Every structure is written in structure tokens, then in C-alpha cells.
Amino acid sequence: MALFAQVFPGKDFNAYFEKAYYSQTLGLRKPEPESFQAILTEQDLDPAVTLFIDDTPKNVEAAQQVGLQAWWLSPGKSVLDLD
């Protein structure tokens, strides 16, 4: 988030989400399947229509294993490159 603060001074990163989840507050870490499932359950989300984006392939693979739609943010790409 430090880069976000540099690029967008005065903007609140968390304000762009209904709720932001952080490992230290959730008590779970990616790529543990329980971390994905906890959020799906809390938000009552259908994994088949929920998109997970990450820059680490093992996290994307773990998300897919719990049924999430997942996209790997490969080096040099941004969310603006989503097809």
C-alpha cells in the first residue's frame, strides 16, 4: 500500500472496497484454502461468479481449487489488461 499512497496521495486504499481483508486480521494466509473459504462464507459469495486476482501463481491455483474464478496478474500486467 506504500506505492498506492505515493501514487495517490491523500486517497484511502480501503475506500475502494466493500471490505478489505488482510492476513494479520483474518488470521489466515493465502494460499491456505481456509483463507478463501472464510471470505466466501462471510460475504455469502458464490465462488463460481467471484473473481480473485493475484500476482502469485500459487495463490491463483489455490483460489481455483476452492472454485473461484481466478486471474494471474503476470509481470508487466495490470487489472486494466483483464479480458
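Details of the structure are given in the entry above.
Here is what the cut-offs are and how they apply
Residues numbered from 1 in each chain as written. Predicted model: local features only at pLDDT ≥ 70, side-chain atom pairs only at ≥ 80, totals over all residues. Heavy atoms only, no water. Phe/Tyr/Trp six-rings, centres within 6.5 Å; stacked < 30°, edge-to-face > 60°. Helix = DSSP H or I, 4+ residues; strand = E, 2+ residues; numbered from the N terminus. Salt bridge = Lys/Arg side-chain N within 4 Å of Asp/Glu carboxyl O. Buried < 20%, exposed > 50% of the residue type's maximum accessible area, 1.4 Å probe, protein only. Contact = heavy atoms within 4.5 Å. Core = buried A, V, L, I, M, F, W, Y, C linked by side-chain atoms within 4.5 Å.

**With respect to the packing of aromatic side chains**
- Within the structure shown, the criterion is met by five aromatic pairs.
- When the centroid spacing of 5.1 Å and the interplanar angle of 90° are considered together, the rings of Phe36 and Phe52 count as edge-to-face. Here Phe52 lies in strand 1 (residues 51–54) and Phe36 lies in helix 3 (residues 33–43), a separation of 16 residues in the sequence.
- Linked through ring pairs, Phe4, Phe8, Phe13, Tyr16 and Phe17 together constitute an aromatic cluster.

**Section: the pattern of salt bridges**
- For the structure shown, the criterion picks out two salt bridges.
- Of the charged contacts, one joins Glu42 and Lys19 as a salt bridge, the two residues approaching to 2.6 Å between their closest N and O atoms. A residue pair is termed long-range when its members are at least 10 positions apart, and Glu42 in helix 3 and Lys19 in the loop between helix 1 (2–7) and helix 2 (23–26) qualify at 23 residues.
- Note on Lys19: relative accessible area 43%, which makes it partly exposed.

**Here we look at the side chain of Asn59**
- Mapped onto the elements, Asn59 comes out in helix 4 (residues 57–65).
- On the accessibility criterion, Asn59 (7% relative accessible area) is buried.
- The residues touching Asn59, leaving out its near neighbours within four places in the chain, are Lys30, Pro31, Phe36, Phe52 and Asp54.

**So, the nonpolar core**
- In terms of nonpolar packing, the biggest core is built from seven residues, these being Phe36, Leu40, Phe52, Ala62, Ala63, Val66 and Leu68.
- When residues of this core are traced back to their parent elements, those giving at least two are helix 3 and helix 4.
- Discounting chain neighbours no more than four positions away, the residues touching Phe52 are Lys30, Phe36, Asn59, Val60, Ala63, Leu68, Gln69, Ala70 and Trp71.

**Description of the environment of Gly27**
- Mapped onto the secondary structure, Gly27 falls in the loop between helix 2 and helix 3.
- The class for Gly27 is exposed, based on a relative accessible area of 59%.
- Placed 41 residues apart in sequence, Gly27 and Leu68 show a C-alpha to C-alpha distance of 20 Å.

Honestly, that's just the spatial picture; any functional story needs more than this.
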